[in-house]
Amino acid sequence: MKFFVTGGSGFIGSAVVDELVSHGHQVVGLARSDESAAKLEKAGAEVIKGGLEDLDALKKGARESDGILHLGFIHDFTKFAHSCKVDEAAIDTFISELEGTNKPFIYTAGLAGLQHKGDSSASETDVPVVDTSSDFGLRTANELKALKSHSKGIRSMVMRLPPTVHGAGDQGFVTQLINIADKKKVSYYIGEGQNIWPAIHRRDAAVLYRLAAEKGVAGAAYHAVHENLETKKIAGAIGKILDVPVESIEPAKATEALGFFGIVFALNVRVSNEKTLNELGPWAPKEIALLDDIQKNYKVSDAQYMKF
C-alpha cells in the first residue's frame, strides 16, 4: 500500500516512515523544507513539497495514496489556537478527499485529556471532554471530528500518544525536565509523585501506527502505551543521572518551580491498552523502557521543544 504521511520527518513520524517502508509499503511524505525532504528521501519515501497550510499539497497526497497517517502539527503553544485551526483545515481536507473510499485515516492525538483518578484506567472507548474554556479544547475537538469521520465511509482512527514518547532525538517533556533539574540542581516531583505518566518508545509506537493502517477498525481509538509510571520514579531517574537530590514540591508551587511543565508533570494519565492489543495484536514492546532509557541515553540538552 501507499501511505501519505504528514510529520514524516519528525521525531515520531520518521520512525513511522521507517516502519512502513521496512514492511513493504510505499510512503509519500509532506515536506515543508529541503532538509525535511532530504530526510524523507533518504528513508525511501517520495516527497510532496508543502506545509500543513498548503491544502493543495494535502489534497495531492490524499488522492495519490491508499491512506493517510496524520502526525503533523505546528508545535507553537504561543499560537496554539492558530495551530489547531490549521489542523482542523487539514482534517476537513482529508475528510473531503477520502469520503466514501474506505481508505484508512489515522489522526494523532494525546492521552492527557483522559485523566483518571485513583487506580482506574482510561480505556480506548473513553471520550475526552472538550474544554471550551481553553484553547486545548480545540485540539480535542479536532480529535473527535477525525474519529467521527468514519460515518462518511472512511476507515478513520485515532492514535493516542502518551506525554512521553522517548528514544534517541527526544526533545520532549523528559528532556525539558532534565534541563530544569540541571539548572535548579534538584529533580522535583509533585505532591506524593504517585500520579501516572504513560510512556512508549518511538519505534514501538511506530509499529502500532503500521498495524492500525493495515488492519485497524473504523471509528476506533488506540492507545500507544508500553508502561504506566509514577512521576516520582521519573524524577528519581533524572536525579540519578544528574547526581542531584530528588524532592517533592507542593502542587501549588509546581508552576513557579517548573513553569508550564509543572502543569504537565502534575497530570494523572493512567490508561489501558487492552482494546488496542485485541484489535492490532499480536504486539509487544521491543524497545528499551523509559527509566532505563533515561539512565543510559539521556543527558542535559540544548534542545528547543515547544514555544510557551
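Residues numbered from 1 in each chain as written. Predicted model: local features only at pLDDT ≥ 70, side-chain atom pairs only at ≥ 80, totals over all residues. Heavy atoms only, no water.

What follows deals with the overall build of the protein. Along the protein, the regular secondary structure elements total twelve helices and twelve strands. The C-alpha radius of gyration of the protein comes to 19 Å, within 12% of the 19 Å expected for a compact globule of 308 residues. Oriented by its inertia axes, the alpha-carbon framework of the protein measures out at about 55 × 40 × 40 Å. The buried share of the protein, reckoned over its 308 residues, is 52%. Across the protein, the fraction of contacts at a sequence separation of at least 24, relative to all contacts at a separation of at least 6, is 80%. Summing over all exposed atoms, the protein offers an accessible surface of approximately 13,800 Å²; the carbon and sulfur share of this is 48%. Of the charged side chains in the protein, 35 are positive and 40 negative, and the gap between their average positions amounts to 1 Å. (Helix = DSSP H or I, 4+ residues; strand = E, 2+ residues; numbered from the N terminus. Rg over C-alpha atoms; globule rule 2.2 N^0.38 Å. Buried < 20%, exposed > 50% of the residue type's maximum accessible area, 1.4 Å probe, protein only. Contact = heavy atoms within 4.5 Å. Areas by Shrake-Rupley, 256 points an atom, 1.4 Å probe, with all protein chains shown as cover. Lys, Arg positive; Asp, Glu negative; His and termini not counted. Charge placed at Lys NZ, Arg CZ, Asp CG, Glu CD.)

One way to put it is that helix H4 (residues 80-98) packs onto helix H5 (residues 136-148) with a least axis distance of 9 Å and a crossing angle of 10 degrees. Between H4 and H5, the crossing angle belongs to the class labelled roughly parallel. Contact residues: H4 offers Phe-80, Ala-81, Cys-84, Asp-87, Glu-88, Ile-91, Asp-92 and Ile-95, while H5 offers Phe-136, Leu-138, Arg-139, Asn-142, Lys-145 and Ala-146. Looking at the contact of H4 with H5 residue by residue, the classes come out as eight nonpolar, one polar and five charged. (Axes fitted to C-alpha atoms, helices over the stretch in contact; angles between N-to-C directions. Parallel < 35°, antiparallel > 145°, perpendicular 65-115°, else oblique. Nonpolar A, V, L, I, M, F, W, Y, C, P; charged D, E, K, R; others polar.)

The next subject is helix H7 (residues 202-215). One full turn of an α-helix is made of 3.6 residues, so residues set three or four places apart face in the same direction. In a regular helix each residue adds 1.5 Å, so 14 residues correspond to 20 Å; H7 covers 20 Å between its end C-alpha atoms and thus fits that length. Of all the positions in H7, only Arg-202, Asp-204, Ala-205, Ala-206, Val-207, Leu-208, Tyr-209, Arg-210, Leu-211, Ala-212 and Ala-213 are classed as buried. (Expected span 1.5 Å × (residues − 1).)

Both faces of strand E4 (residues 67-70) are covered, namely the face carrying Gly-67 and Leu-69 and the face carrying Ile-68 and His-70. Here four bridges tie strand E1 (residues 2-6) to E4, and the two strands are oriented parallel to one another. The partner of Phe-4 across the bridge, within E4, is Ile-68. For E4 and strand E5 (residues 104-110), the ladder comprises three bridges, and the chain directions are parallel. (Pairing = 2+ DSSP bridges.)

The mixed open sheet is built from three strands, whose spatial order is E7-E9-E11. Each end of this open sheet is capped by a strand with a single partner; those strands are strand E7 (164-166) and strand E11 (227-230). Averaged over all pairs of adjacent strands, the angle between strand axes in this sheet comes to 35 degrees, irrespective of strand direction. Bridge count between strand E9 (residues 196-201) and E11: four bridges; the pairing is antiparallel. Bridging from a neighbouring strand, Ile-196 pairs with Glu-230 of E11. Most of the contacts of helix H8 (residues 231-242) go to E11, to which it runs at about 75 degrees, and overall it touches E9 and E11.

This next bit is on the side chain of Lys-2. In this structure, Lys-2 sits in strand E1. Within the structure, Lys-2 has its side chain in polar contact with the side chain of Glu-46 (distance 3.4 Å). Contacts of Lys-2, omitting those with residues within four sequence positions, involve Gln-26, Val-28, Glu-46, Glu-64, Ser-65, Asp-66 and Gly-67. (Polar contact = N/O pair within 3.5 Å; in protein donor to acceptor, adjacent residues only side chain to side chain.)

Moving on to the packing of aromatic side chains. Under the definition given, this model contains eight aromatic pairs. When the ring of Phe-4 is compared with that of Phe-94, the centres are 6.2 Å apart and the planes differ by 75 degrees; the resulting orientation is edge-to-face. With Phe-4 in strand E1 and Phe-94 in helix H4, the pair connects residues that are 90 residues apart, well separated along the chain. Residue Phe-4 is classed as buried on the basis of its relative accessible area, which comes to 0%. For the pair Phe-173 and Trp-197, a centre-to-centre distance of 6.1 Å together with 55 degrees between the ring planes defines the contact as tilted. With Phe-173 in helix H6 (residues 173-184) and Trp-197 in strand E9, this pair connects stretches of sequence that are 24 residues apart. Each of the two residues, Phe-173 as well as Trp-197, counts as buried. Taken together, the ring pairs connect Phe-173, Trp-197, Phe-260, Phe-261 and Phe-265 into an aromatic cluster. The side chain of Arg-139 reaches across the aromatic face of Phe-73, ending 3.8 Å from its centre. (Phe/Tyr/Trp six-rings, centres within 6.5 Å; stacked < 30°, edge-to-face > 60°. Lys NZ or Arg CZ within 6 Å of the ring centre and 35° of its normal.)

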